[in-house]
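The primary structure of each chain is shown beneath.
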Amino acid sequence: MTRLTGSALRVTIFIGENDTWHHKPLYSEIVHRAHAAGLAGASVFRGIEGFGASSLIHTSRLLSLSEDLPVAVVIVDTEERVRAFLPKLDELVTEGLVILDECEVIRYAGRDDTSHDRPRGRRGKGEKSL
């Protein structure tokens, strides 16, 4: 079980949905490299509207000319592990914005091997809902 509590560092990478790395989505490559590096976790969030250095507004609204929506990849781990990962980001992110924030993790616990034995939403005998 993975546990991370206390002081941590959050790295947020803002890129475009159409950004690629060797014909794969860049956000996917970042997540897979973070996983391979053993970082605590990574999530990708797709924006519905935004603009960056180009000042071109990208939006998901109907009849829009732009489809390259903003994407944010968020990774949280200890400062040491995140900073060790930064050189990999330098290689991958040629256009975009990378932000580091100090944060505090209240609770992060990975799933144990038995958590997938029972479908979600179903309680076993004697279990009560919250």
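Structure: see above.
Residues numbered from 1 in each chain as written. Predicted model: local features only at pLDDT ≥ 70, side-chain atom pairs only at ≥ 80, totals over all residues. Heavy atoms only, no water.

1. Points about the pattern of salt bridges
Logical step 1: Across all of its chains, the model carries seven salt bridges by this definition.
Logical step 2: Among the ionic pairs, Asp101 bridges to Arg10, the shortest N-O distance being 3.5 Å. With Asp101 in strand E8 (residues 97-105) and Arg10 in strand E1 (residues 6-16), the pair connects residues that are 91 residues apart, well separated along the chain.
Logical step 3: With its nearest N and O atoms 2.8 Å apart, the salt bridge here joins Arg33 to Glu29. Separated by four residues within a single helix, Arg33 and Glu29 lie in helix H1 (residues 26-36), roughly one turn from each other.
Logical step 4: Glu29 sits in the buried class, given a relative accessible area of 12%. (Salt bridge = Lys/Arg side-chain N within 4 Å of Asp/Glu carboxyl O. Helix = DSSP H or I, 4+ residues; strand = E, 2+ residues; numbered from the N terminus. Buried < 20%, exposed > 50% of the residue type's maximum accessible area, 1.4 Å probe, protein only.)

2. Things to note about the environment of Ile48
Logical step 1: The residue Ile48 is located in the loop between strand E4 (42-46) and strand E5 (49-50) in this model.
Logical step 2: Look at Ile48 and you get exposed, because its relative accessible area is 63%.
Logical step 3: Residues Ile48 and His58 lie ten residues apart in sequence; the distance between their C-alpha atoms is 8.0 Å.

3. Regarding the nonpolar core
As a rule of thumb, soluble globular proteins bury nonpolar side chains together.
Logical step 1: Residues Val11, Ile13, Ile15, Ile30, Ile75, Leu89 and Val93 are the most contacted members of the largest nonpolar core, which totals 18 residues.
Logical step 2: Contributing elements (two or more residues each) for this core: E1, H1, strand E7 (70-77) and helix H2 (79-92).
Logical step 3: Formed by five residues, the second largest nonpolar core is a distinct cluster that contains Leu4, Ala8, Cys103 and Val105. (Core = buried A, V, L, I, M, F, W, Y, C linked by side-chain atoms within 4.5 Å.)

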